[in-house]
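Next come the chains, spelled out residue by residue.
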Amino acid sequence: MPSSWQDRSPPEDKADVVVLGIAARGLAAAARRAGLRAVALDLFGDEDTRALAVETVALRRHPGFAIDPGELFAQLDIHAGHTLPVVLGTGFEHAPEIVGALAARYRLAGCGPDTLARLKEPAAFERLLADLDIAHPRLFHGTAPEGVWALEKQVGGAGGAHVRPATMARGEGWYLQEQVEGRSVSALFLGDARTARLLAFSEQWCASAEGTPFRYGGAAGPIRLDDGIARDVADALSRLVEASGLVGLASADLMVGEAGWSLLEINPRPGATLDIFDRPPLPPLLRLHLDACAGRLPELALLAPGEGVEARAAGVLYAPAAFDMRLDPLPDWVADRPRYGTRFDAGEPVCTVLAAGHDTIDARETLSRRMDHLWRALTTADRQAAE
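In what follows, the accompanying structure is described.

Looking only at helices and strands, the protein chain features 10 helices and 21 strands. Taking 21 Å as the expected radius of gyration for a compact globule of 387 residues, we find that the protein chain reaches 20 Å, a close match to that expectation. Taken over the C-alpha atoms alone, the protein chain extends approximately 60 × 50 × 50 Å along its principal axes. Relative to its full complement of 387 residues, the protein chain shows a buried share of 54%. For the protein chain, the share of sequence-separated contacts (at least 6 apart) that also reach a separation of at least 24 residues comes to 62%. Carbon together with sulfur atoms contributes 50% to the accessible area of the protein chain, which is approximately 17200 Å² in total. Averaging the locations of the 39 positively and 53 negatively charged side chains of the protein chain gives two centres separated by 3 Å.

So, about the pattern of salt bridges. Side chains that carry opposite charge are capable of pairing whenever their charged atoms lie near each other. Counted under the stated rule, the structure contains 20 salt bridges. Between Arg-61 and Glu-348 there is a salt bridge whose closest N-O contact spans 3.4 Å. Of this pair, Arg-61 sits in strand β4 (residues 61–62) while Glu-348 sits in the loop between β20 (343–344) and β21 (349–357); the two residues are 287 residues apart in sequence, bridging distant segments of the chain. Here Glu-299 and Arg-197 are joined by a salt bridge, their closest N and O atoms 3.5 Å apart. One end of the pair, Glu-299, is in the loop between α9 (285–293) and β17 (311–318); the other, Arg-197, is in strand β13 (residues 196–206), and 102 residues separate them in sequence. A relative accessible area of 73% places Glu-299 in the exposed class.

Let us look at the packing of helix α5 (residues 113–120) against helix α7 (residues 227–244). Running from N to C, α5 and α7 cross one another at 130°; their axes reach a closest spacing of 10 Å. By the angle between their axes, α5 is oblique relative to α7. Contacts between α5 and α7 involve Thr-115, Arg-118 and Leu-119 on the former and, on the latter, Leu-240, Ala-243 and Ser-244. Its residues placed into classes, the contact of α5 with α7 shows three nonpolar, two polar and one charged.

Strand order in the open sheet made by the four strands is β8-β11-β9-β10, with antiparallel pairing throughout. Each end of this open sheet is capped by a strand with a single partner; those strands are β8 (139–140) and β10 (164–165). Pairing of strand β9 (residues 150–154) with β10 involves two bridges; the strand directions are antiparallel. Bridged to Leu-151 within β10 is Pro-165.

In this section: helix α3 (residues 69–79). Turning to α3, its buried residues number three or more, namely Glu-71, Leu-72, Phe-73, Gln-75, Leu-76 and His-79. The elements touched by buried residues of α3 are β1 (17–20), β2 (38–42), β3 (55–58), β5 (66–67), β6 (85–88) and α4 (96–105). At the N-terminal boundary of α3, the capping side chain belongs to Asp-68, with an oxygen 2.9 Å from the backbone nitrogen of Gly-70.

Burial analysis of strand β11 (residues 174–178) places four of its five residues in the buried class, the great majority of the element. The pairing of β8 with β11 spans two bridges and is antiparallel. Paired with Leu-139 across the strands is Gln-177, a residue of β11.

Moving on to the pairing of strand β12 (residues 183–192). Most of β12 sits inside the fold, with eight of its 10 residues counted as buried. Inspection of the sheet shows β12 paired to strand β15 (residues 247–257) by 10 bridges, in the antiparallel sense. By the bridge assignment for β15, Val-185 is matched with Leu-254. Where β12 meets β13, seven bridges bridge the pair, whose relative direction is antiparallel. Following the sheet pairing, Val-185 is matched in β13 by Glu-203. Count of turn residues in the β12/β13 antiparallel hairpin: three residues, of which Ala-193 carries a positive phi of about 75°.

So, on to the packing of aromatic side chains. Counted by the stated rule, this structure contains three aromatic pairs. Geometrically, the ring pair formed by Phe-323 and Phe-344 is stacked, given 5.3 Å between the ring centres and 15° between the ring planes. Here Phe-323 is found in strand β18 (residues 323–324), whereas its partner Phe-344 is found in strand β20, with 21 residues between them in sequence. What makes Phe-323 buried here is its relative accessible area of 1%. Aromatic side chains Phe-323 and Trp-375 sit 5.2 Å apart centroid to centroid with 85° between the ring planes, which places their arrangement in the edge-to-face category.

The next subject is the side chain of Gln-204. Along the chain, the position of Gln-204 falls in strand β13. Those residues in contact with Gln-204 that lie beyond four places of it in its chain are Ser-184, Val-185, Ser-186, Tyr-216, Gly-218, Ala-219 and Asp-253.

What follows is about α5. Every buried residue of α5 is accounted for by Thr-115, Leu-116, Leu-119 and Lys-120. One side of α5 carries all its buried residues, which in axial view fall inside an arc of 105°. In this structure, the buried side of α5 is in contact with α4, α6 (122–131), α7 and β16 (260–267).

Parameters and conventions
- Residues numbered from 1 in each chain as written.
- Predicted model: local features only at pLDDT ≥ 70, side-chain atom pairs only at ≥ 80, totals over all residues.
- Heavy atoms only, no water.
- Helix = DSSP H or I, 4+ residues; strand = E, 2+ residues; numbered from the N terminus.
- Rg over C-alpha atoms; globule rule 2.2 N^0.38 Å.
- Buried < 20%, exposed > 50% of the residue type's maximum accessible area, 1.4 Å probe, protein only.
- Contact = heavy atoms within 4.5 Å.
- Areas by Shrake-Rupley, 256 points an atom, 1.4 Å probe, with all protein chains shown as cover.
- Lys, Arg positive; Asp, Glu negative; His and termini not counted.
- Charge placed at Lys NZ, Arg CZ, Asp CG, Glu CD.
- Salt bridge = Lys/Arg side-chain N within 4 Å of Asp/Glu carboxyl O.
- Axes fitted to C-alpha atoms, helices over the stretch in contact; angles between N-to-C directions.
- Parallel < 35°, antiparallel > 145°, perpendicular 65-115°, else oblique.
- Nonpolar A, V, L, I, M, F, W, Y, C, P; charged D, E, K, R; others polar.
- Pairing = 2+ DSSP bridges.
- Polar contact = N/O pair within 3.5 Å; in protein donor to acceptor, adjacent residues only side chain to side chain.
- Phe/Tyr/Trp six-rings, centres within 6.5 Å; stacked < 30°, edge-to-face > 60°.
- Arc of directions from axis to C-beta.

Below you can see the structure in the form of structure tokens.
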């Protein structure tokens, strides 16, 4: 890592960071806000990703939105070489061996394979939390005890579509976790392999559908938690960062209830809440990520709702039915903007919808109205194009 990411001044026609993942638009936007020119590699090549990045490469999509490692490495050899930092988004939680190959071959700005294995392999993660005395749901191998509500999850899964109630895991690559009641909360934080800096809390919700009751729906923030819980979470994350070696921007999924809080999962990468937090009063989050990877954490107070802090919400619109993208132009509050003519099957993610308000309730109400309006407009445009 260079001594100061802020000192980098590449030629105008050159990139200075590579961002990649299943969908890289959020990282490309974060790079733009940070004053960095990004090459974006993802599975969609959406219109706004192309506008935000100096170059966009749409990788081949395999079933389950899997990234082809061979094509990925070939494109990185072209666009990253051995000099540009490479920032990972979602799509690698299940594959520490691919992350290890990336770290060995390129300048990976983020968590390496050992950290990923500690945090994303369920049994190792449960042992780590137990050793650190951090509250967490129980893990069950094979079958849940009688009378215990459990969720089946896929090892390394992301987005919640893989999660379902179950009493028995279906086999290799799947596990059972005790279902914990409470409010679903995400904690945004930075790690430098020694300690954590808690940045903000947001609330999350599910976009339930048949067969996918826990599919990720969206997030809104900032929210305020009890001061004691916030201090406990910050302390727990610092211990976890030191024990795991986590670096960079990450998030922790929590369940907060009357009896306290429980840590469900760590996402050791920049994630979906970039859409609600990468704006003032916080500094550019990709700069903070790169600095944390280089061992530097900022002195920042926890972001809380209040005077001068606008609430933001971001939700994923999933297609209730199959359709073709025929709406042009899309509203300016739409992100991950698909290209005209893209075909969507029922259940596929279409785009991200953004909203703001004086508090999270207001922001979420605006978001809901916009989602309803957008789906009606999309289906109307598709129908008219077919007539």
